Amino acid sequence: MRKVTAKEFTGTRAWDALDIESIEGATVRLHWTDAPYKWHVNDGPEVFVVLDGAVDMHTRKDGREDIWRLAVGDVFHAESGDEHVAHPDGPARVLVIEKAGSV
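Residues numbered from 1 in each chain as written. Predicted model: local features only at pLDDT ≥ 70, side-chain atom pairs only at ≥ 80, totals over all residues. Heavy atoms only, no water.

### With respect to the overall build of the chain
Just so we agree on the cut-off: Here a helix means four or more residues in a row that DSSP labels H or I, a strand means two or more in a row labelled E, and each is numbered from the N terminus. It is over C-alpha atoms that the radius of gyration is taken, and the globule rule equals 2.2 Å times the number of residues to the power 0.38. Burial classes: relative accessible area under 20% of the type maximum marks a residue as buried, over 50% as exposed, and values in between as partly exposed (1.4 Å probe, protein chains only). By definition in these notes, contact holds between two residues if any of their heavy atoms fall within 4.5 Å. Residue exposure ignores everything except the shown protein chains as possible cover, and the areas themselves are Shrake-Rupley values with a 1.4 Å probe. Positive charges are assigned to Lys and Arg, negative charges to Asp and Glu, while His and the chain termini are left out of the count. Charge placement uses NZ in Lys and CZ in Arg. For Asp and Glu, CG and CD serve respectively.
The number of helices and strands found in the chain is zero helices and nine strands. Counted from the first residue to the last, the chain has its helices and strands arranged as β-β-β-β-β-β-β-β-β. Computed over its C-alpha atoms, the radius of gyration of the chain comes to 13 Å, within 12% of the 13 Å expected for a compact globule of 103 residues. Dimensions of the chain, computed from C-alpha atoms along their principal axes, come out at roughly 45 × 30 × 25 Å. Within the chain, the proportion of its 103 residues that are buried is 37%. Pairs at least 24 residues apart make up 64% of the contacts formed inside the chain by residues separated by at least 6 positions. Total accessible area on the chain is roughly 6,200 Å²; 52% of this is exposed by carbon and sulfur atoms. Each charge sign in the chain was given a centre, from 12 positive and 19 negative side chains, and these centres are 3 Å apart.

### Describing the layout of surface pockets
Basically, it comes down to this: Residues are said to line a cavity or pocket when one of their atoms sits within 4 Å of a point; the points come from a 1 Å grid over protein atoms alone, cavities being sets where a 1.4 Å probe fits but cannot get out and pockets being open sets with protein on both sides within 12 Å along at least five of seven lines. Grid points are joined across faces, edges and corners, and a volume is the space filled by probe spheres set on the points. Gly falls in the polar group here, along with every residue not listed as nonpolar (Ala, Val, Leu, Ile, Met, Phe, Trp, Tyr, Cys, Pro) or charged (Asp, Glu, Lys, Arg).
As a volume, the largest pocket reaches approximately 270 Å³. Lining the largest pocket are 20 residues, with W15, H31, Y37, E98 and V103 positioned closest to its centre. Looking at the lining of the largest pocket, the elements that each hand over two or more residues are β1 (16–23), β2 (26–33), β4 (46–52), β8 (83–88) and β9 (92–99). Of the residues that constitute the lining of the largest pocket, the class distribution is eight nonpolar, six polar and six charged. Here the second largest pocket is characterised by a volume of approximately 220 Å³. Lining of the second largest pocket is provided by 13 residues; of these, T59, R60, K61, W68 and D82 occupy positions nearest its centre. A breakdown of the residues in the lining of the second largest pocket according to their chemical character gives three nonpolar, four polar and six charged.

### Here we look at the sheet that holds strand β5 (residues 55–61)
Formally: Whether two strands pair comes down to DSSP finding at least two bridges between them.
Read across the sheet, four strands follow the order β3-β8-β5-β6 without closing on themselves; strand pairing throughout is antiparallel. Only two strands of the sheet have a single partner each, and these edge strands are β3 (40–41) and β6 (64–70). Sheet topology note: the β5/β8 ladder contains six bridges and is antiparallel. Bridged to H58 within β8 is V85.

### What to know about the nonpolar core
The following threshold applies: In this text, buried Ala, Val, Leu, Ile, Met, Phe, Trp, Tyr and Cys residues form a nonpolar core when linked through side-chain atoms within 4.5 Å.
Counting 12 residues, the largest nonpolar core consists of W15, F48, V50, V55, M57, L70, F76, A78, A86, A92, V94 and V96. At three residues, β9 tops the list of elements feeding residues into this core. With residues near it in sequence (within four places) discarded, V50 still touches V55, L70, A71, V72, G73, D74, R93 and V94.

Honestly, it's all geometry; don't read function into it.
Put into structure tokens, the structure is as follows:
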């Protein structure tokens, strides 16, 4: 057993992660970041939960780009094949649950 306090986790570089658990092929990771990720498409679903800070999630579908503002407590769900990129607004901590080995 252990307790993880998200606000106390800080990485040394953007998107550093604390591995929390692996459950039947999926990973649960706490990420710290202060910079955007990269446009990507997961090969499985992804659940993205903002625990601290704010994140603008950019998505692309059928040539259209949308931006979803995510605040503390907000959950973003991407299906397999959904193109997206996270842009934090300052430092942020997010919990990401996705297929092990995903981008």
